[in-house]
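Understanding the architecture of this molecule
One letter stands for each residue in the lines below.
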Amino acid sequence: MAMATRDATLTGTGTLRELLAAPGPFASVYFDLEARPERAEEAGARWRELAARLAREGADAATVDALTARVMDALPGTGVLALFASHGEVRHVAGLPGGHHGDVAEFAAVPHLLPLLEWRQEHPAHVVAVVDRTGADLLVHPEGGTEARRRTVQGTDDEILRTSGLPNMRFQHRAEDSWERNAKVVAEAVDEALAEVSASLLLVAGDVRARQYLTKHLPARVRRDVTVGHISGSRSADGSAAVRTSRTETEVARAGHARTSELLRTLEHELAPGGHAVEGVRATLDALAVGRVGTLTVTDDPRDQRTAWFGDSPAELAERRDDLPPDGGGEPHEGRLADVAVRAALLTGADVRVLEPGEARTPAQGTGGICRYP
């Protein structure tokens, strides 16, 4: 399963790397949209409070106005709207369906990306295949994507009808051969869809016999590296779509949590002597500064007010200002420790895994990483 995608465009303008490369400081907003039109006035009042907070923290009027326009355009709505802006321009927007993070508005030297990244890791890339004996409907979900890419796969053989007059046994063999050839076509399409979004979760629904044939003909790579689950529903209009959607959401969330647990077990193992991991603030920042970290693990705790310093280059990174390289290219900036670490990770091509406070096997000081090399 892929983790926080390093450079994937979300709903909105620009990639996260482009956002981080833009001039700061940044306004970071997570706004709970209100779905019911009769409560739009309440949502407007909440936004005015957040806008005033940004202004008090130093956000310029042009930036607040740009954010206000985007929020008002999104009302009424559902889920959480994440926005990031600087110097009068909204540089990145993402819709987080089902998000319930609560309202957040911050103005700081570095964007506050942790809630966005945490939502993304809870919505890993996956493919849903609803199959029957003639083909399949595929729903291809990129990591953190809000809209599935839909496609239909039609097998090369028409299903043989019983009216052909063939003897029962001969008809059955002919039909089974036809269904299996169709399943091979579906398996090839599923393999391509999984690779397209780097997914390691496949959920299959539909005709039992078609599911069996599909599983049989999945490539060895898929059977080895992809978790295959089964959910209810069929291709016919039988009212099962809502149940299938609910079950899919449950299985996808479960896969996201399992990936976090797996990563923490790997981190724990690699922290042994000779392993490829670091933990603690200083060791992790030092590894990030030289581009060693392949996956950063960081705890998102709003109560944690520790800070770190950074310069224009990802290599300019330290817990204290005095520890920054003396030949930095510009004025150093101070930001919340977790946000600074995430910035360095994304700018050096590392993945990010956001942890909840108190999660089992959390690295020392809430910060750690699995490295690319010792």
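Here the structure is a predicted model, which means the values were calculated and not measured.

About the criteria used
Residues numbered from 1 in each chain as written. Predicted model: local features only at pLDDT ≥ 70, side-chain atom pairs only at ≥ 80, totals over all residues. Heavy atoms only, no water. Helix = DSSP H or I, 4+ residues; strand = E, 2+ residues; numbered from the N terminus. Buried < 20%, exposed > 50% of the residue type's maximum accessible area, 1.4 Å probe, protein only. Polar contact = N/O pair within 3.5 Å; in protein donor to acceptor, adjacent residues only side chain to side chain. Contact = heavy atoms within 4.5 Å. Core = buried A, V, L, I, M, F, W, Y, C linked by side-chain atoms within 4.5 Å. Phe/Tyr/Trp six-rings, centres within 6.5 Å; stacked < 30°, edge-to-face > 60°. Lys NZ or Arg CZ within 6 Å of the ring centre and 35° of its normal. Salt bridge = Lys/Arg side-chain N within 4 Å of Asp/Glu carboxyl O. Pairing = 2+ DSSP bridges. Axes fitted to C-alpha atoms, helices over the stretch in contact; angles between N-to-C directions.

Here we look at the side chain of R244
For R244, the position within the fold is in helix α8 (residues 241-270). Residue classification places R244 among the buried residues on the basis of a relative accessible area of 14%. Within polar-contact distance, the side chain of R244 engages the backbone oxygen of S234 at 3.5 Å. Contact partners of R244, with chain neighbours within four places excluded, come to V130, A205, I231, S232, G233 and S234.

Observations concerning the environment of G366
Of note, G366 is situated in the loop between β15 (351-355) and β16 (367-371). In sequence terms G366 and D304 are 62 residues apart; their C-alpha atoms lie 9.8 Å from each other. Those residues within four positions of G366 in sequence are excluded, and the remaining contacts are T297, V298 and T299.

Here's the deal with the nonpolar core
Within the largest apolar cluster, 43 residues are counted, with the highest numbers of intra-cluster contacts made by L113, L288 and V342. Element by element, the count of residues in this core is highest for helix α10 (residues 337-347), at 9 residues. When residues no more than four places from it in sequence are discounted, the contact partners of L288 are V293, L296, P314, L317, A341, A344, A345 and T348.

Digging into the packing of aromatic side chains
A full pass over the atoms with the stated rule returns 2 aromatic pairs. When the ring of F31 is compared with that of W47, the centres are 5.9 Å apart and the planes differ by 85°; the resulting orientation is edge-to-face. Of this pair, F31 sits in strand β1 (residues 26-32) while W47 sits in helix α2 (residues 40-56); the two residues are 16 residues apart in sequence, bridging distant segments of the chain. Taken individually, F31 and W47 each receive the classification buried, so the pair is uniform in this respect. Its guanidinium or amino end placed over the ring of W179, R133 lies 4.0 Å from that ring's centre, counting from NZ or CZ. Here the basic side chain of R292 rests over the ring of Y373, its NZ or CZ set 5.8 Å away from the ring centre.

Observations regarding the pattern of salt bridges
A side chain with one charge can pair with a side chain of the opposite charge if their charged atoms come near. Taken as a whole, this structure holds 21 salt bridges when the rule is applied. Taking the shortest distance from any N to any O, the salt bridge between E180 and K216 comes out at 2.7 Å. Taken as a pair, E180 in helix α5 (residues 168-196) and K216 in helix α6 (residues 208-217) lie far apart in primary sequence, 36 residues in all. Looking at E180, the relative accessible area reads 16%, which means it is buried. Residue R247 is joined to E251 by a salt bridge in which the shortest nitrogen-to-oxygen separation is 3.1 Å. With R247 and E251 both in helix α8 and 4 residues apart, the pair spans about one turn of that helix. Since its relative accessible area comes to 36%, R247 is described here as partly exposed. With relative accessibility at 14%, the residue E251 sits in the buried group. Sharing partners across several salt bridges, the network here consists of D132, D137 and R235.

Describing the environment of S234
Relative to the elements of secondary structure, S234 occurs in the loop between β9 (227-230) and α8. Each C-alpha atom of the pair S234 and A129 lies 9.9 Å from the other, and the pair is 105 residues apart in sequence. A polar atom in the side chain of S234 sits 2.9 Å from the side chain of S236.

Some thoughts on the sheet that holds strand β11 (residues 293-299)
Each strand in a sheet pairs with another by means of backbone hydrogen bonds, the pair being arranged parallel or else antiparallel. Taken in spatial order, the 4 strands line up as β10-β16-β11-β15 in an open sheet, and their pairing is mixed. The outermost strands of the open sheet, each flanked by one partner alone, are β10 (277-279) and β15. Within this sheet the neighbouring strands show an average axis-to-axis angle of 15°, counted without direction. Note: β11 against β16, 5 bridges, orientation antiparallel. By the bridge assignment for β16, V298 is matched with T367. Its contacts with the sheet place α8 against β10, β11, β15 and β16, and it is angled at close to 105° to β15.

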